[in-house]
Amino acid sequence: MKKAVSLMMAAALTMGLAACGSSASTDTAASTADTAASSSEAAADSTAAADGKVYNVGICQLVQHEALDAATQGFKDALTEKLGEGNVKFDEQNASGDSANCATIVNGFVSNNVDLILANATAPLQAAAQATADIPVLGTSVTDYATALDISGWTGTVGNNISGTSDLAPLDQQAAMIQELFPDAKNVGLLYCSAEPNSVYQCDVIEGYLTEEGYTVARYAFTDTNDVTSVAQTAADNSDVIYIPTDNTAASNTEAIANVVIPAKVPVVAGEEGICNGCGVATLSISYYDLGYATGEMAAKILAEGADVSTMPVEYAPNVTKKYNAANCEALGITPPADYVAIG
């Protein structure tokens, strides 16, 4: 911080001399000011290097799949970029889809007194909330923090040692996408994991939108990976279209779902790109890498700049994109509108 202050004072002195000296041009003064500003920003980003601090960050990811992997990578890239190579160490662990493993992993982070915890998905966030009230916790790939943490009267800020980013894409627009692609469909099946609170929340919300649009909606919930195939088969037998929210269990079992829905000629609209890439035809998707990167920027503010996590609002992905799975669309004879972008 002293270094940053010194740089700014030096910049101010240089600018003052440039303005007063008869031999200094206006262009030179502007260039000096730009250089000083850049130096000040660089100093802020390299606070860790200046004070010799190496930050230890624990990462608990619920399960390995494309979306969560991208969020973790974006987080690591942003934090490394902001703090500098060698100034941050990551203890990255995967819970293999088991909530009990999340608790074990996070409790280990607390015992090791890490500087910050990244909770990638809802179960790790819930485990971190139980494990510590002192270590800053940032969530990512979490759909609804109020649901995940049982918060009433949600105002956008958790208000304790927790904040982060949400992967919620606009559910009203996803419902509109189903209507746009399948205007003649009558029955929409919601396929999701009943053990994931955020999946339940998404289904609650989108069911309302779909019902308003005149669809008959039925829910098909599996409890874990063991019954994904059988529940997907029941959904395919009774649905014209299936909707799958941003569901981690579904994301880890897209091949099993595809082996059911593609032969049955039942299209799947997915809540995120990874699921769509595996078993869907279309999605309104965010970039999970960008979401993780934004979370890493929040972490840098907490660690290097002393930002108060309790006052940091949960952030959302700034952009969504209509995307389609070309292979699955071809297999089902679906021609997506011109404003859809092919995945891959």
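That block above? That's the structure.
Just so it is clear, the structure is predicted and the values come from calculations on it, not from any experiment.

> Just to check I follow, could you spell out the overall build of the protein chain for this structure?
Of the regular secondary structure elements, the protein chain holds 15 helices and 13 strands. Classification of the 344 residues of the protein chain by burial places 49% in the buried group. For the protein chain, contacts bridging at least 24 residues in sequence account for 72% of all contacts bridging at least 6. As displayed, the protein chain offers around 15200 Å² of accessible surface, 49% of which is attributable to carbon and sulfur atoms.

> Would you mind showing me how to read the environment of Gly-74 here?
Take Gly-74: it is sitting in helix 4 (residues 66-83). Along the sequence, Gly-74 and Tyr-293 sit 219 residues apart, while their C-alpha atoms lie 4.1 Å from each other.

> Where do I start with the pattern of salt bridges in this structure?
A side chain with one charge can pair with a side chain of the opposite charge if their charged atoms come near. A full pass over the atoms with the stated rule returns seven salt bridges. A salt bridge links Glu-273 to Lys-323, with the shortest nitrogen-to-oxygen separation between them at 2.7 Å. Residue Glu-273 is located in helix 13 (residues 273-279), and its partner Lys-323 is located in strand 12 (residues 321-324); the two are separated by 50 residues in the primary sequence. Taking relative accessible area as the criterion, Glu-273 reaches 17% and is therefore assigned buried. One network of salt bridges, with partners in common, ties together Glu-180, Lys-322 and Asp-339.

> What am I meant to see in helix 8 (residues 171-181) here?
Note on helix geometry: an α-helix contains 3.6 residues per turn, so any two residues three or four positions apart are oriented the same way. Considered for burial, the residues of helix 8 that qualify are Leu-171, Gln-174, Ala-175, Met-177, Ile-178 and Leu-181. What you see down the axis of helix 8 is that its buried residues fit within an arc of 150 degrees, all on one side.

> Could you clarify how one ought to interpret the side chain of Ser-166 in this entry?
Counting through the fold element by element, Ser-166 comes out in strand 5 (residues 162-166). At 3.2 Å, the side chain of Ser-166 and the backbone oxygen of Val-142 are in polar contact. Residue contacts for Ser-166: discarding those within four places in its chain leaves Val-142, Thr-143, Tyr-145, Leu-291, Val-314, Glu-315, Tyr-316 and Ala-317.

> Any chance you could explain the environment of Asn-160 here in plain terms?
For Asn-160, the location among the structural elements is in the loop between helix 7 (145-148) and strand 5. Residue classification places Asn-160 among the partly exposed residues on the basis of a relative accessible area of 38%. Sequence spacing of Asn-160 and Ala-133 is 27 residues, and the spatial spacing of their C-alpha atoms is 7.4 Å. Among residues more than four places away in sequence, those in contact with Asn-160 are Val-309 and Ser-310.

> Sorry, what's going on with helix 4 here?
Taking 1.5 Å per residue, 18 residues should reach 26 Å; helix 4 reaches 26 Å between its end C-alpha atoms and fits that length. Considered for burial, the residues of helix 4 that qualify are Ala-67, Leu-68, Ala-71, Thr-72, Gly-74, Phe-75, Lys-76, Ala-78, Leu-79, Thr-80 and Leu-83. Count one or two residues on from helix 4 and you reach Gly-84, which has phi positive near 100 degrees.

> Looking at this structure, how should I read the nonpolar core?
The nonpolar side chains of a soluble globular protein tend to be buried, and buried together. By size, the foremost hydrophobic cluster in this structure holds 51 residues, and its most contacted members are Leu-190, Leu-191, Leu-210 and Ile-244. In contact with Leu-191, other than residues within four places in its own chain, are Tyr-220, Phe-222, Val-231, Ala-232, Ala-235, Ile-242, Tyr-243, Ile-244, Pro-245 and Ile-257. If you look at the next biggest cluster of nonpolar residues, it comprises 26 residues, including Val-106, Val-114, Tyr-145 and Val-158.

> Help me understand the sheet that holds strand 11 (residues 315-316), please; the structure alone is not making it clear to me.
Adjacent strands of a sheet form backbone hydrogen bonds with each other and so pair up, either parallel or antiparallel. Read from one edge to the other, the open sheet built from six strands follows the order 2-1-3-4-5-11, with strand pairing classed as parallel. Among the strands making up the open sheet, the edge pair consists of strand 2 (88-94) and strand 11. Bridge count for strand 3 (residues 116-120) against strand 4 (residues 137-142) is four bridges, and the pairing is parallel. Following the sheet pairing, Ala-119 is matched in strand 4 by Gly-139.

> So what exactly am I meant to see when it comes to the sheet that holds strand 8 (residues 241-244) here?
On the basis of which strands lie adjacent, the open sheet formed by seven strands has the order 7-6-8-9-10-12-13 and mixed pairing. Unpaired on one side and paired on the other, strand 7 (216-222) and strand 13 (341-342) mark the two borders of the sheet. Sheet topology places strand 10 (residues 282-285) next to strand 12; four bridges connect them, and they run antiparallel. Residue pairing across strands places Ser-285 opposite Thr-321, the latter belonging to strand 12. Packed onto the sheet, helix 8 meets strand 6 (187-193), strand 8, strand 9 (268-270), strand 10 and strand 12 and runs at close to 155 degrees relative to strand 10.

Conventions and cut-offs
Residues numbered from 1 in each chain as written. Predicted model: local features only at pLDDT ≥ 70, side-chain atom pairs only at ≥ 80, totals over all residues. Heavy atoms only, no water. Helix = DSSP H or I, 4+ residues; strand = E, 2+ residues; numbered from the N terminus. Buried < 20%, exposed > 50% of the residue type's maximum accessible area, 1.4 Å probe, protein only. Contact = heavy atoms within 4.5 Å. Areas by Shrake-Rupley, 256 points an atom, 1.4 Å probe, with all protein chains shown as cover. Salt bridge = Lys/Arg side-chain N within 4 Å of Asp/Glu carboxyl O. Arc of directions from axis to C-beta. Polar contact = N/O pair within 3.5 Å; in protein donor to acceptor, adjacent residues only side chain to side chain. Expected span 1.5 Å × (residues − 1). Core = buried A, V, L, I, M, F, W, Y, C linked by side-chain atoms within 4.5 Å. Pairing = 2+ DSSP bridges. Axes fitted to C-alpha atoms, helices over the stretch in contact; angles between N-to-C directions.

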